[in-house]
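Next come the chains, spelled out residue by residue.
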Amino acid sequence: MRTVQYQQIVEEVRLACIQANCRINDDLEQAYKRSIEKEQEDSPREIMKDLYRNACIARDEMMPVCQDTGTAVVFVELGQDVHISGGLLTDAISDGVEKGYRDGYLRKSIVSNPFQRTNTGTNTPAVIHLDLVEGDGLSLTVAPKGGGSENMSRLLMLPPSAGKIGFMDFVVETVRLAGPNPCPPVVVGACAG
């Protein structure tokens, strides 16, 4: 049995919230560089350069890459042989999110009531995905989920007769309707199930 202290989790989540909002992943940085090199049109190439420069400034100055610092989504892999000492795991995650968003000067966007628009002031509660696994490990991954791009999401229940063509038509229509509204770089994700 491995014991993990509550405050250690708080501190790791706090740091992860700041890092996740101020640094882009290496794969995205490489994608920016490739796009800048391959783009033949001046205007899109300059936009990609601006996005890349913004990411570099954010990293160097530890400032958010985007003003929409999003909902804190935390992916947890918790070994069944781990004991959290000093409090509940969910409370430690919430405390870490609150401190990370405060200490990193990150915008707090979570509301306690979507119709009254009352901001919690803490960016909590976080969305927590928990995967209970074998062993005595604990892995925490913070992935802020911005709200602007999410406004472009769509969900549709297609009849079975729509088939693959119906699904593809829906994806294309969704992209067309979103137009220039989502924040770049635009990533299209589609799921059928």
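Described in the following lines is the structure provided in the data block. (Residues numbered from 1 in each chain as written. Predicted model: local features only at pLDDT ≥ 70, side-chain atom pairs only at ≥ 80, totals over all residues. Heavy atoms only, no water.)

1. A few points about the overall build of the chain
Within the chain, the secondary structure is distributed over six helices and seven strands. Along the chain, helices and strands appear, N-terminal first, in the series β-α-α-α-β-β-α-β-β-β-β-α-α. The buried share of the chain, reckoned over its 193 residues, is 27%. Considering only residue pairs separated by 6 or more positions, the chain has 75% of its internal contacts joining residues 24 or more positions apart. For the chain, the exposed surface amounts to about 12600 Å²; the carbon and sulfur share of it is 53%. (Helix = DSSP H or I, 4+ residues; strand = E, 2+ residues; numbered from the N terminus. Buried < 20%, exposed > 50% of the residue type's maximum accessible area, 1.4 Å probe, protein only. Contact = heavy atoms within 4.5 Å. Areas by Shrake-Rupley, 256 points an atom, 1.4 Å probe, with all protein chains shown as cover.)

2. Quick look at the packing of helix 2 (residues 26-38) against helix 3 (residues 42-61)
Packing of helix 2 against helix 3 leaves a shortest axis separation of 9 Å and a crossing angle of 150°. Put simply, helix 2 runs roughly antiparallel to helix 3. Our pair here, helix 2 against helix 3, has a crossing hand that is left-handed. Mapping the contact onto sequence places E29, Y32, K33, S35 and I36 in helix 2 and R45, M48, K49, L51, Y52, A55 and R59 in helix 3. Taken together, the residues that form the contact of helix 2 with helix 3 break down as six nonpolar, one polar and five charged. (Axes fitted to C-alpha atoms, helices over the stretch in contact; angles between N-to-C directions. Parallel < 35°, antiparallel > 145°, perpendicular 65-115°, else oblique. Left-handed = near helix turned anticlockwise from the far one by under 90°. Nonpolar A, V, L, I, M, F, W, Y, C, P; charged D, E, K, R; others polar.)

3. Things to note about the nonpolar core
Most often, soluble globular proteins have nonpolar side chains that are buried together. Counting residues in each nonpolar core, the largest one holds 20 residues, and the members touching the most others are I9, V13, I84, L89, I93 and V97. Residue assignment for this core shows that the elements contributing at least two residues are helix 1 (6-22), strand 2 (71-79), strand 3 (82-85) and helix 4 (89-103). In this structure, I24, I36, M48 and L51 belong to the second largest nonpolar core, which totals eight residues. (Core = buried A, V, L, I, M, F, W, Y, C linked by side-chain atoms within 4.5 Å.)

Remember that the coordinates give geometry; whether it matters functionally is a separate question.
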